[in-house]
Amino acid sequence: MKTNRLSPALEKALNDQITLEAYSSQVYLMLSCWADENYLDGVSKFMMKHSAEERLHMAKIIEYVQERGGVVEIEAIDKPSDKPANIYECFEAVYKQEVLNTDAIYKIVKLSFDDQDWATWNFLHWLVAEQREEEKLALELLEKAKLAGGAKMTDTAKFELNKLIANTSQSFPTADEIDPLA
């Protein structure tokens, strides 16, 4: 009796996503350390929390693969790219990482649809919604860094942006969750 309910291609794609989530966690960890080294405690704490959130995504995908009878393959992750030169580059890296994650997830959603694996397709909806939120938050933070002066922001602007980010929620409501008429 077949106990693995995932196709080989879908199992591989989910395992690749597990690795990408681990890599994303490392990127945010590196950015947290960079921010700490640059006396940006608010940015550092934000990135540390985000690193933990990526690991949570990884754990959920691992649990799902195991639940469906698949085999989880833990792969080595690449070293994150170089540290940013400034706070604007830091948030560019965040946005690029979230877009990379979203693109990878969309490919898995399409594969699950093509395989007619409705359980996996349904499971992935939380991750699609999560990525929508993540991209919106990353873009908003990047735009705030741009408004504060981008790569050439003053120390005062960095100080204010750091305070703002320290008070930024890790979750950002999407348009579906906001009543625009309220």
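Let me begin by describing the structure that accompanies this report.

How each quantity is defined
Residues numbered from 1 in each chain as written. Predicted model: local features only at pLDDT ≥ 70, side-chain atom pairs only at ≥ 80, totals over all residues. Heavy atoms only, no water. Disulfide = S-S within 2.5 Å. Buried < 20%, exposed > 50% of the residue type's maximum accessible area, 1.4 Å probe, protein only. Helix = DSSP H or I, 4+ residues; strand = E, 2+ residues; numbered from the N terminus. Polar contact = N/O pair within 3.5 Å; in protein donor to acceptor, adjacent residues only side chain to side chain. Contact = heavy atoms within 4.5 Å. Axes fitted to C-alpha atoms, helices over the stretch in contact; angles between N-to-C directions. Parallel < 35°, antiparallel > 145°, perpendicular 65-115°, else oblique. Left-handed = near helix turned anticlockwise from the far one by under 90°. Patch = residues over 30% accessible without salt bridge, like charges linked within 9 Å, V, L, I, M, F, W, Y side chains within 5 Å. Areas by Shrake-Rupley, 256 points an atom, 1.4 Å probe, with all protein chains shown as cover. Salt bridge = Lys/Arg side-chain N within 4 Å of Asp/Glu carboxyl O. Expected span 1.5 Å × (residues − 1).

Comments concerning the state of the cysteines
Phase 1: Taken as a whole, this structure holds 0 disulfides when the rule is applied.
Phase 2: This cysteine, Cys33, is not joined by any disulfide, and Cys90 carries the nearest cysteine sulfur, 12 Å off.
Phase 3: Judged by its relative accessible area of 39%, Cys33 falls in the partly exposed class.
Phase 4: Residue classification places Cys90 among the buried residues on the basis of a relative accessible area of 0%.

Side note on the side chain of Thr120
Phase 1: Secondary-structure assignment places Thr120 in helix 4 (residues 118-147).
Phase 2: Overall, Thr120 belongs to the buried group, its relative accessible area being 0%.
Phase 3: Within the structure, the side chain of Thr120 is placed 2.7 Å from the side chain of Tyr64, a separation counted as a polar contact.
Phase 4: One polar contact links Thr120 to Asp117, side chain to side chain, over a distance of 2.9 Å.
Phase 5: Setting aside chain neighbours within four positions, we find Thr120 in contact with Leu6, Leu10, Leu14, Tyr64 and Ser112.

Here's the deal with the packing of helix 2 (residues 41-67) against helix 3 (residues 87-114)
Phase 1: It is at 13 Å that the axes of helix 2 and helix 3 come closest, and there the two elements cross at 15 degrees. Our classification of the angle between helix 2 and helix 3 gives roughly parallel. Crossing angle aside, the handedness with which helix 2 passes helix 3 is left-handed. Contacts between helix 2 and helix 3 pair Val43, Met47, His50 and Glu54 from the former with Ile87, Cys90, Phe91, Val94, Glu98 and Asn101 from the latter.

Looking at a nonpolar patch on the surface
Phase 1: Judged by side-chain polarity, Phe113, Trp118 and Trp121 come together as a nonpolar surface patch covering roughly 320 Å² of accessible area.
Phase 2: Turning to its location among the elements, Phe113 is positioned in helix 3.

A few points about helix 1 (residues 8-37)
Phase 1: Between its first and last C-alpha, helix 1 extends 44 Å over 30 residues, near the 44 Å set by a 1.5 Å rise per residue.
Phase 2: Counting buried residues along helix 1, 21 of its 30 residues qualify, which places the element largely inside the surrounding structure.
Phase 3: Tyr39 lies just past helix 1 and shows a positive phi near 60 degrees.

Observations concerning the environment of Leu10
Phase 1: With respect to the helices, strands and loops of the structure, Leu10 is situated in helix 1.
Phase 2: Sequence separation between Leu10 and Leu20 is 10 residues, and the spatial gap between their C-alpha atoms is 15 Å.
Phase 3: For Leu10, the residues in contact, after removing those within four places along its chain, are Ile108, Leu111, Ser112, Asp115, Asp117 and Thr120.

Points about unusual backbone geometry
Phase 1: Phi is positive for Tyr39, which is not a glycine, with a value near 60 degrees.
Phase 2: Tracing the backbone shows Tyr39 in the loop between helix 1 and helix 2.
Phase 3: The phi dihedral of Gln116 is positive, around 55 degrees, even though this residue is not glycine.
Phase 4: What makes Gln116 exposed here is its relative accessible area of 57%.

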